[in-house]
There are 2 protein chains.
Amino acid sequence: MPKLGMEPIRKAALVKATIVEIGRVGSLDVTVSQIAKRAGMSSALAHHYFGSKEEMFLAAMRHILTLYGAEVRGALALAEGPESRLRAVLAASFSAANFRREAVGAWLNFWVLAQTVPEAKRLLKVYQGRLRSNLLAGLRPLAGDRAEPIAAGLGALIDGLYLREVLKSGPPDREMAVATALNYLNSKLEGARP
Amino acid sequence: MPKLGMEPIRKAALVKATIVEIGRVGSLDVTVSQIAKRAGMSSALAHHYFGSKEEMFLAAMRHILTLYGAEVRGALALAEGPESRLRAVLAASFSAANFRREAVGAWLNFWVLAQTVPEAKRLLKVYQGRLRSNLLAGLRPLAGDRAEPIAAGLGALIDGLYLREVLKSGPPDREMAVATALNYLNSKLEGARP
DNA sequence: GTTTTTGTTGATTGACGAGTCAATAAACTT
DNA sequence: AAGTTTATTGACTCGTCAATCAACAAAAAC
């Protein structure tokens, strides 16, 4: 029965299942068995491939971060000019894939994880750094010196919009989120233009 | 040895200890024993007064919310005119008491709790509603129709600034947080003034 | 064709933790 | 003084869960 080359497949399934389960349960109190079951294998196999629950969580974070990074890079590739680039970053941040309840719920819990697990903290900082530099690249041509604080504010605003999404009942409202962020951006940029 | 009328004292000690422990550990994975120990009693007594761990968490949330509400009300009482009121709300949100690592860490974890426990969700919504209406009261005279979206954005920004505080190493930077929020406010209001 | 590597799981271990209980004691009531 | 209420805890129950292990199966290597 055992086919070879299962490792990457199993790992991918586990990562996906981890995110789903965390999103579903709404906390990190997910058992390895739950995750493994959803991924269609025994909990022993999950341990076999990842060694520990924590490693599974970290792999899931890396995965989300990778997806997000790819999405941003893709959107950025099509954009021309600073304004369009900023818009691209926002669009990616609130894309259907990233802004769905499941992912947002997982995101929140990774934030909690970052309080305890240094590697998780590091990963979140990577995300923050990337977001910051993406925003700065677009902002500097438009706002010069004032780019820095604007980027900081916008970054916090994005995270805050994610946070609020968690509490909302009903379907995610990407429109609103993007509009709020763009709005912020515009009122900031108006001040710097003729 | 047993003095009477201990209930409120014990409960208060437990609530305080709950917040401290959640902030210290950085997650909701605190044992009742830890909390009780910090509050100077046996875990059995903690159960005696609160019945369950969840009730303790909720009491802790209510406590934080009460403190925050009192702080806002106090600041608001001294303020005159819409602008001053807005400033007061921001100052209270980032006051030394509310913006210390411990409280912020607990806050984040309550957000997680809200995903599972309806009463926690309700409490958080109360907070959001209060913040919203406080902001609106100050904003409407200054921005009219545009008050609504500005308040939504500002609310999310405040939550986002809290969130980012969690990841930061080093001491909390209230100055920066207030400045960022005020900055947001100003660029929003400029558009609405002559 | 035997050995090694890779995949897989059921069963088990060992720890830990929420909640309960019985027992003890001091204070208040009558 | 007898009875009741309030305070308090150590010991115990019961469940859960991460992690390990022994064993089995199939492919690959030799």
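Small disclaimer: the values here were computed from a predicted structure and weren't measured. (Residues numbered from 1 in each chain as written. Chains lettered and ligands numbered in written order. Predicted model: local features only at pLDDT ≥ 70, side-chain atom pairs only at ≥ 80, totals over all residues. Heavy atoms only, no water.)

Student: Outline the interface of chain A and chain B, supporting the account with residue identities and numerical values.
Tutor: With 35 residues of chain A at the contact, the number on the chain B side is 36 residues. It is A:Gln115, A:Arg164 and A:Leu167 in chain A that bury the most area against chain B; as a group they hold 24% of the surface buried on that side. One can count 2 salt bridges joining chain A with chain B. Residue A:Arg164 pairs with B:Asp159 through a salt bridge whose shortest N-O separation is 2.8 Å. For the pair chain A and chain B, the number of links is 14 residue pairs in polar contact (both at pLDDT 80 or more). In terms of residue count, the dominant contributor to the side of chain A that touches chain B is helix H8 (residues 147-167) of chain A (12 residues). Class assignment of the residues belonging to the side of chain A that touches chain B gives a composition of 15 nonpolar, 14 polar and 6 charged. (Contact = heavy atoms within 4.5 Å. Buried area = accessible area lost by both parts, 1.4 Å probe. Salt bridge = Lys/Arg side-chain N within 4 Å of Asp/Glu carboxyl O. Polar contact = N/O pair within 3.5 Å; in protein donor to acceptor, adjacent residues only side chain to side chain. Helix = DSSP H or I, 4+ residues; strand = E, 2+ residues; numbered from the N terminus. Nonpolar A, V, L, I, M, F, W, Y, C, P; charged D, E, K, R; others polar.)

Student: Break down the relation of the copies chain A and chain B for me, with residues and values.
Tutor: Placing chain A over chain B gives an RMSD of 0.0 Å and needs a rotation angle of 180 degrees, together with 0.0 Å of translation along the axis. This pairing of chains is accounted for by a two-fold axis. Considering only C-alpha atoms, the residue of chain A closest to the rotation axis is A:Gly160, which sits at 1.8 Å. A symmetric contact is evident, with 100% of the interface residues of chain A recurring at the interface of chain B. (Least-squares fit on C-alpha atoms with pLDDT ≥ 70 in both.)

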